[in-house]
Amino acid sequence: MNALPDEVFRVPTVALLFVVLASTPANTAPADPKAAITAVLDDWHQAAAAADEARYFGHFTEDAVYLGTDATERWSRDAFRAWAKPYFAKGKAWNFKATSRHIAFSKDGAVAWFDETLDTPNLGPSRGSGVLVKDGGTWKIAQYNLSIPVPNDVLPEVKRRIERHLARGQKTPGKSSTWKAPPARVPAPQTPPIKEKLPAPAN
């Protein structure tokens, strides 16, 4: 029996390859940008809980700003890192966990902003918000603002207590050339929680 030429076998093999490639769906769907932001923020919080200084501050841009809960707490990235270094060195940073988060993007997809509800051991229910920018293919935190939402029912009393505190010698930043900021702070696990309960506002 005569052997068949090689071409008889090559043609079906090549045709079969094209059929397989054509039937395989192309993986062209872009990565979910919200998932990318979520991953960055979650890892950032986890880095603080693990006292991983390099990992934590690696999520910031060089000119990032961190705003704390006190009016005096406006930190550059490097100033914030210098202050926090002893806490990270001792393995006692802070532990914030996001329980909800909203994320939005600029039209060109290069800037994102968010707000998140936080569960914290010392501040209680808190809120974080901020801005991230795309640096190459990596999202970096350009600003973060930590705050403690005040229920409307207790706001009048909180306002009075703040006014009394300022009247005892503390002045609002920017209103006096003689005003000096007290040492800034960031909540850490060793900070005792506030146990005092605010009285209900008078009717």
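Quick caveat, the model's predicted, so the values are computed rather than measured.

Engineer: Looking at this model, I keep getting lost on helix α4 (residues 77–89). Mind explaining?
Structural biologist: Helical periodicity: at 3.6 residues per turn, an α-helix aligns residues three or four positions apart in one direction. The terminal C-alpha atoms of α4, which comprises 13 residues, lie 17 Å apart, in line with the 18 Å expected from a rise of 1.5 Å per residue. At W83, α4 shows its largest bend, some 40°, and a proline, P86, comes one to four positions later. Residues of α4 that are buried: F80, A84 and F88. Buried-residue contacts for α4 involve α2 (33–49), α3 (53–57), β1 (60–67) and β2 (74–76). Phi turns positive, to about 75°, at G91, one or two residues after α4.

Engineer: Just checking my understanding: could you explain the nonpolar core for this structure?
Structural biologist: Side chains of nonpolar character tend, in soluble globular proteins, to be buried together. If you look at the biggest cluster of nonpolar residues, it comprises 29 residues, and the most contacted ones within it are Y56, F60, Y66 and W94. Elements with a contribution of two residues or more to this core: α2, α3, β1, α4, β4 (111–120) and β6 (138–147). The element contributing the most residues to this core is α2, with 6 residues.

Conventions adopted
- Once a new chain begins, its residue numbering starts again from 1 and follows that chain's sequence as written.
- Per-residue local features are limited, in this predicted model, to residues with pLDDT of at least 70; the limit for side-chain atom pairs, both in listing and counting, is 80 or more; totals at the level of whole chains, interfaces and linings are taken over all residues.
- With hydrogens and water stripped out, all remaining heavy atoms of the structure feed into the side-chain values.
- Starting at the N terminus, helices and strands are each numbered in turn, a helix being any DSSP run of H or I of at least four residues and a strand any DSSP run of E of at least two.
- Residue count minus one, scaled by 1.5 Å, sets the expected span of a helix.
- At every residue, the bend is computed as the angle between two fitted axes, covering the seven residues ending there and the seven beginning there respectively.
- The buried label applies to any residue whose accessible area, calculated with a 1.4 Å probe on protein chains only, is under 20% of its type's maximum; exposed applies above 50%, and partly exposed to all values in between.
- Pairs of residues are marked as contacts when any of their non-hydrogen atoms sit within 4.5 Å.
- We define a nonpolar core as any set of buried Ala, Val, Leu, Ile, Met, Phe, Trp, Tyr and Cys residues linked to one another through side-chain atoms lying within 4.5 Å.

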